[in-house]
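Inside the fold
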Amino acid sequence: MFPLDATFPLNATIIRITEESPSVRTFFFDLNFETTEPGQFVMVWVRGVDEVPMGLSRKNSITVQKVGEATSKLFALKEGDSFGLRGPFGRGFSLPSKGEKILIIAGGVGAAPLAPYAESANAASSEVHTILGAKSAEELIFEERFAAAGKVYISTDDGSKGTKGFVTDVLSGLDISACDRITVCGPELMMASVFRLLEDRKVLGKAEFSLHRYFKCGMGVCGACCIDRSGLRVCKDGPVFSGIQLLDSELGRYTRDASGRRIKI
Amino acid sequence: MFPLDATFPLNATIIRITEESPSVRTFFFDLNFETTEPGQFVMVWVRGVDEVPMGLSRKNSITVQKVGEATSKLFALKEGDSFGLRGPFGRGFSLPSKGEKILIIAGGVGAAPLAPYAESANAASSEVHTILGAKSAEELIFEERFAAAGKVYISTDDGSKGTKGFVTDVLSGLDISACDRITVCGPELMMASVFRLLEDRKVLGKAEFSLHRYFKCGMGVCGACCIDRSGLRVCKDGPVFSGIQLLDSELGRYTRDASGRRIKI
Amino acid sequence: MYTLTGLKPKNPIILAAGILGTTGASLCRVAREGGAGAVVTKSIGPVPKTGHPNPSMVRLDGGFLNAMGLPNPSYPDFLQELEIAKKDSGVPVIASIFGGTAAEFSEVAEGLLPGKPDAFELNVSCPHAEGYGAAVGSSPCLVEAITAAVKDVTNLPVWVKLTPNVSDITCIGTAAESGGADAVVAINTLKGMAIDIESGYPILGNRSGGLSGKAVKPVAVKCVYDLYSALEIPVIGVGGVTSWKDAVEIMMAGASAVQVGSAVYDRLDIFSEISTGIEAFLRRKSYSDVKRLIGLSHEMV
Amino acid sequence: MYTLTGLKPKNPIILAAGILGTTGASLCRVAREGGAGAVVTKSIGPVPKTGHPNPSMVRLDGGFLNAMGLPNPSYPDFLQELEIAKKDSGVPVIASIFGGTAAEFSEVAEGLLPGKPDAFELNVSCPHAEGYGAAVGSSPCLVEAITAAVKDVTNLPVWVKLTPNVSDITCIGTAAESGGADAVVAINTLKGMAIDIESGYPILGNRSGGLSGKAVKPVAVKCVYDLYSALEIPVIGVGGVTSWKDAVEIMMAGASAVQVGSAVYDRLDIFSEISTGIEAFLRRKSYSDVKRLIGLSHEMV
Ligand SMILES: Cc1cc2nc3c(=O)[nH]c(=O)nc-3n(C[C@H](O)[C@H](O)[C@H](O)COP(=O)(O)OP(=O)(O)OC[C@H]3O[C@@H](n4cnc5c(N)ncnc54)[C@H](O)[C@@H]3O)c2cc1C
Ligand SMILES: Cc1cc2nc3c(=O)[nH]c(=O)nc-3n(C[C@H](O)[C@H](O)[C@H](O)COP(=O)(O)OP(=O)(O)OC[C@H]3O[C@@H](n4cnc5c(N)ncnc54)[C@H](O)[C@@H]3O)c2cc1C
Ligand SMILES: Cc1cc2nc3c(=O)[nH]c(=O)nc-3n(C[C@H](O)[C@H](O)[C@H](O)COP(=O)(O)O)c2cc1C
Ligand SMILES: Cc1cc2nc3c(=O)[nH]c(=O)nc-3n(C[C@H](O)[C@H](O)[C@H](O)COP(=O)(O)O)c2cc1C
Ligand code: FES
Ligand code: FES
């Protein structure tokens, strides 16, 4: 329905809002991004406030965690209100083929772009396993969507559901060598632990990680989102990178703020 | 080979020059305007001098009468030299259908756009008759091309070949009512006499005339070439107009110079 | 009822100066067939000018470059065209005029008064005519003096057309307002140039010229936005408008009316197409009136 | 051997300031993978700046509009990035700097000297940063003073990047030359704006910004042409270059080298693509050397 590079904001009217957790809501809108790959992102323009990147949780929804100014303003919107939307941008997760065994590792709102991935993997007749992590049971996002697509392992920091601990605690108990593909999205420290574990197991080659860096242009021109040492742009060459691309990278060590200064993670 | 609105000059290298008459030469160039209709024109940019409109006498040639600065500079060019070329622009003559009887009336260098017309009419199995006029025998242009396409009647002002007099002297002797289409190009006074004659015979509806007005933009924007009283643009709505479009027009009465002042004809 | 400096255009979409405006018949055609709400003539000066040698206009990726050089038959010869336009166009006819001095501007304005134009538009903004246009239009003093001089010889509305080729267009707009202008028109073309790389020759006969069309729209929107903030008088927007969306955008920036120039290249009835598009937009948005659009973006903060 | 103000770029196609120039690693990538002959950093100032709120860049029909607002980590933090670029890019690295006063400019230049940049580019031309950029760059006096101040603290070549948002860019170019500039760079972006008609909001977080990309090429060609006529020092051309043809055109207008900015949107290896294209053109035309192109259009009369 839309060109892959709708770089000028379209008007998206909210048609439904659902509460996924105390701090996470899904906003359904009246546009359909038919040609998106899971993992690609859109820029969400909260007019008069800011424009921020969000993964698509469906062809016509974003799933947002309230963290600061723009997301709070989004939370103040109601059905019938609208925001600007452009995209989808960037490189998503590689799609699985029939019969492949897929391991999805989602932490917190990182489940947003991975739920549609689980669904298309399932539709492509892959075998889908998901490790879904969150702080607590009520913060788990899209558990049913992952469950409908395959097997789900839960971990919560407080043990209110599933394994008490981190996704890595579940991961270390699984037979990773049997997986054809591993896709990861979540808080950077979680992804860094997963990265180290997969590196130790020598399976980085089949893993993909969706990164989060500060975006300005969102279209690969300004350079705000480049990572060390490769210089790859998270907004255009990513946000999804293979494990190999992230070897010897800043992942888990530092990020940059809007001015470009390095910020320890 | 070229978009119909190559509005930015292409480089045309002269591959051959032929002398059609003491004051008329044909310049063959290394571009091929495959999709042109006879009667459309190109803008010929004699670099450093001027850019002037010329009909295409073939897909890859213009046939030029030396009259002033730009055309004299063109005459100074040799094979291997080049000029700028853009087009084709405007509306050409309506193409005839199979079996139609066509009367072509060409005066002087007005034969340039009509020779390819005669050839495509012939190729479309129309019956082609041409009245070809000039000041004298040596000024007749493309007689062979018209002859190859059908029957040719000649008139010369000095009687050095064919009927002594004007094309109208030949025309008045022909059975115009038998013609399906009449196409006219030549000096304005000649076209005005033909126009009056066809108007009297009430056959303007099947006649088309190619007009000459001063062009600046050549693309229908500036308004330099508009004719009274219709306001039609010779460069875009023409240069070929139907007889009906020219009823109650300035044809044969006045033209305009580059400043827009009316100049009596 | 939509009015503009006392005029009553049929709709807010107006033919820009120098476009299909050399003859009365052409102006009538743009109004009748094209659907323009009002028409502005070619810029007319004190003496006949043939303009620059060709090529005088080329189309580029996303825009047009022209250097006509203000060809015009001079005001005595243009009177008859103006009369035709007034008689048959059915819309307000604005006479665009230019000169090298304030005295020349008022000479031309007075000379055209018998043709009964509905308003004057002062071209102090053409970027490619030695000693005319932007050559005077980048000086606030000259612009004020010229505007005042024309206001002195006529009670008709006077619009002043501004050049974007200055550091701060609002200074020039303010000068026009101080001189008594009834409206400003922004923008004329941007200084530009193109070179034929095969030969090394600049393409235009005048070597350089003015850029118009889609390419300049963001510049026009910005100029209109700034002028709307700075001035009391209406701003008429022009530059790169090729669709109703562009027209709405430039009105939201602050334009009370919109002129369309280069886009006649695509189709003559662009004027009615745009004004129909705006009507439909107003209906969809339930805006009572086109006036609701004017300057709307200034309220959105 | 191709040299430019004493530098030896690998080829005449240079990364423009503010494009993929925030980190050393990114600059290295543009040089190595992209094939840039030299790279210019993001403009660096005296204190960290986060820049304007998003949206900070949008793509339009034929161009881009941006208002980054000079985000930068300040010179102390940027030193480590400059060192990485110098160590690994394999090409000359030009540090773009900005400040609000001559003193700030020299403070930043001195502060970056330990990173061993090959030259400085003074950004006196960003159109959307209060008190910086074009705010100083439209005054010949300030431009001369700033240039002289930076020349005072370094022997490195100093390039001065000019804004086209002035009545006469050659006045500013002349001021830079008088201040001791080794080259001028033209052009920075044109002031522009876009409005979202669905909501009435200006699209950029900063409301307005700077236009770049194809749309501005004719303006850049004209500025370079005029500067080439007016100045003795080399002119570096930038603005809307997206192909080798554009690069040749701007060189024929007078550019000794060409910077490419927005076109990295299409592909990163645009630099090697353009420089290969120019080589092929030189061969086809039997021009001995790229220098033959520089200012060629001035000879064609
Ligand atoms: C590719 C990508 C996909 C994302 N997908 C989702 C998603 O599906 N759901 C979700 O809830 N969040 C997602 N995020 C994170 C989301 O962009 C931030 O939570 C949001 O920007 C916060 O904005 P704010 O104004 O509310 O917070 P602020 O108070 O402005 O900032 C809080 C933090 O949000 C981040 N942030 C702010 N502005 C930006 C920006 N322009 N670019 C990147 N990060 C920014 C920074 O880390 C900042 O420290 C994604 C981020 C990226 C890069
Ligand atoms: C649609 C069209 C098709 C034409 N086809 C041919 C053709 O096939 N062969 C041919 O020899 N001639 C053709 N002409 C006429 C040709 O354009 C002129 O002879 C030529 O422009 C003369 O240029 P010059 O510089 O040599 O003469 P100048 O000394 O400049 O002028 C002599 C006369 O040429 C005409 N002229 C000059 N410049 C222009 C211009 N920009 N636009 C229109 N007329 C101009 C004017 O009538 C002028 O009075 C055509 C004209 C038109 C409008
Ligand atoms: C061929 C051409 C001729 C023009 N002549 C004039 C003129 O005589 N007087 C004037 O004020 N503006 C003149 N202009 C400028 C237009 O009126 C208008 O300001 C400019 O083209 C921007 O609008 P556009 O993008 O819609 O064309 C001319 C523009 C073009 C393209
Ligand atoms: C996103 C973006 C950021 C820019 N940042 C700077 C900057 O920091 N300093 C500067 O001098 N110019 C900056 N510019 C201007 C460019 O260097 C260049 O002059 C302009 O974009 C025109 O070139 P282009 O059409 O090739 O992009 C920036 C341009 C863009 C698009
Ligand atoms: S945010 Fe600008 S390059 Fe990624
Ligand atoms: S020559 Fe410009 S409209 Fe015909």
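The model shown is predicted, which means the values in this text are computed figures rather than measured ones. (Residues numbered from 1 in each chain as written. Chains lettered and ligands numbered in written order. Predicted model: local features only at pLDDT ≥ 70, side-chain atom pairs only at ≥ 80, totals over all residues. Heavy atoms only, no water.)

Topic: the site of ligand 2
In the vicinity of ligand 2, 21 residues are found, and the nearest of them are P53(B), T63(B), Q65(B), A70(B) and T71(B). Site remark: ligand 2 is flanked by residues from chains B and C. In the model, an oxygen atom of ligand 2 is placed 3.4 Å from a nitrogen or oxygen of the E69(B) main chain. Protein contacts shield 77% of the accessible area of ligand 2, which totals 860 Å² for the unbound molecule. Residue contributions to the shell around ligand 2 peak at five residues, all from strand 4 (residues 50–55) of chain B. Per-class residue counts for the shell around ligand 2 are eleven nonpolar, seven polar and three charged. (Near = heavy atom within 4 Å. Polar contact = N/O pair within 3.5 Å; in protein donor to acceptor, adjacent residues only side chain to side chain. Areas by Shrake-Rupley, 256 points an atom, 1.4 Å probe, with all protein chains shown as cover. Helix = DSSP H or I, 4+ residues; strand = E, 2+ residues; numbered from the N terminus. Nonpolar A, V, L, I, M, F, W, Y, C, P; charged D, E, K, R; others polar.)

Thoughts on the relation of the copies chain D and chain C
Between chain D and chain C, the superposition needs a rotation of 180° and an axial shift of 0.0 Å, giving an RMSD of 0.0 Å. Overall, the copies show the geometry of a two-fold rotation axis. A shared interface surface links the copies, since 100% of the contact residues of chain D are contact residues in chain C too. (Least-squares fit on C-alpha atoms with pLDDT ≥ 70 in both. Contact = heavy atoms within 4.5 Å.)

Some details on the pairing of strand 8 (residues 127–134) of chain A
Residue and element names in this part refer to chain A. Summarising burial for strand 8: seven of the eight residues are buried, a large majority. Once you follow strand 7 (residues 101–107) into helix 2 (residues 111–123) and on to strand 8, the crossover reads as right-handed. Relative to strand 9 (residues 150–156), strand 8 is paired through seven bridges, and the arrangement is parallel. Opposite T130, over in strand 9, you have V152 as the bridge partner. This β-α-β element, strand 8 to helix 3 (residues 143–149) to strand 9, shows right-handed connectivity. (Buried < 20%, exposed > 50% of the residue type's maximum accessible area, 1.4 Å probe, protein only. Right-handed = clockwise from strand over helix to strand, strands pointing away. Pairing = 2+ DSSP bridges.)

A look at the nonpolar core
One finds L112(C) and L112(D) to be the most contacted residues of the largest nonpolar core, which totals 245 residues. Every residue in contact with L112(D), bar those within four places of it in the chain, is listed here: I44(D), Y75(D), F78(D), L79(D), L82(D), A95(D), I97(D), P117(D) and F120(D). (Core = buried A, V, L, I, M, F, W, Y, C linked by side-chain atoms within 4.5 Å.)

Some remarks on the interface of chain D and chain C
For interface size, the figure often reported is the accessible area lost on association. In this assembly, 44 residues from chain D lie in contact with 44 residues from chain C. Between chain D and chain C, the buried area comes to about 3,700 Å², and carbon and sulfur atoms account for 59% of it. Counting every contact that joins chain D to chain C gives six salt bridges. Across the pair R284(D) and E198(C) runs a salt bridge, and its minimum N-O distance is 2.9 Å. There are 22 residue pairs in polar contact (both at pLDDT 80 or more) connecting chain D and chain C. For the side of chain D that touches chain C, the elements supplying multiple residues, two or more each, are strand 9 (190–193), strand 10 (208–212), helix 7 (217–230), helix 8 (244–253), helix 9 (270–284) and helix 10 (296–299) of chain D. Sorting elements by how many residues they give to the side of chain D that touches chain C places helix 8 of chain D first, with six residues. Here the side of chain D that touches chain C is composed, by residue class, of 24 nonpolar, nine polar and eleven charged. (Buried area = accessible area lost by both parts, 1.4 Å probe. Salt bridge = Lys/Arg side-chain N within 4 Å of Asp/Glu carboxyl O.)

As for the arrangement of the chains
Out of three pairs of chains that touch, the pair holding the most contacts is chains C and D. Over all C-alpha pairs, chain A and chain B never come within contact, reaching a minimum spacing of 25 Å. Chain B shows no contact with chain D. Their nearest C-alpha atoms sit 6 Å apart.

Overview of the site of ligand 4
Residues and elements named next belong to chain D. Taken together, 23 residues form the shell around ligand 4, and within it A17, S43, K161, G240 and S262 come nearest. Take N123: an N or O atom from its side chain is 3.1 Å from a nitrogen atom of ligand 4. In the complex, 98% of the free accessible area of ligand 4, which totals 600 Å², lies under the protein chains. Residues of the shell around ligand 4, tallied by class, amount to nine nonpolar, twelve polar and two charged.

Focus on the pattern of salt bridges
Residue and element names in this part refer to chain D. Scanning the model with the defined rule gives 60 salt bridges over all chains in all. Its salt-bridge partner being K217, residue D246 comes within 2.8 Å of it at the nearest N-O pair. Note that D246 is positioned in helix 8 and K217 in helix 7, a separation of 29 residues in sequence. The class of K217 is buried, set by a relative accessible area of 18%.

Observations regarding the confidence of the model for chain C
Regions with low pLDDT carry predicted coordinates that are not meant to be interpreted in detail. Looking at chain C as a whole, the pLDDT averages 96, with 98% of positions reaching at least 70. The ipTM for the predicted assembly is 0.97, set against a pTM of 0.97. (pLDDT = per-residue confidence, 0-100.)

Points about the interface of chain D and chain A
On the chain A side, the residues contacting the 43 residues of chain D number 38 residues. Note on chain D versus chain A: buried area summed over both sides is about 3,300 Å², and carbon and sulfur give 56% of it. Summed over the three residues of chain D that lose the most area to chain A, namely R29(D), N54(D) and Y265(D), the buried surface amounts to 20% of that side. Linking chain D with chain A are four salt bridges. One salt bridge connects R262(A) with E81(D), and the closest N-O pair in it is separated by 3.1 Å. For the side of chain D that touches chain A, the secondary-structure elements that each account for two or more residues are helix 1 (24–32), strand 3 (57–60) and helix 2 (75–88) of chain D. In the side of chain D that touches chain A, the residues fall into 22 nonpolar, 14 polar and seven charged.

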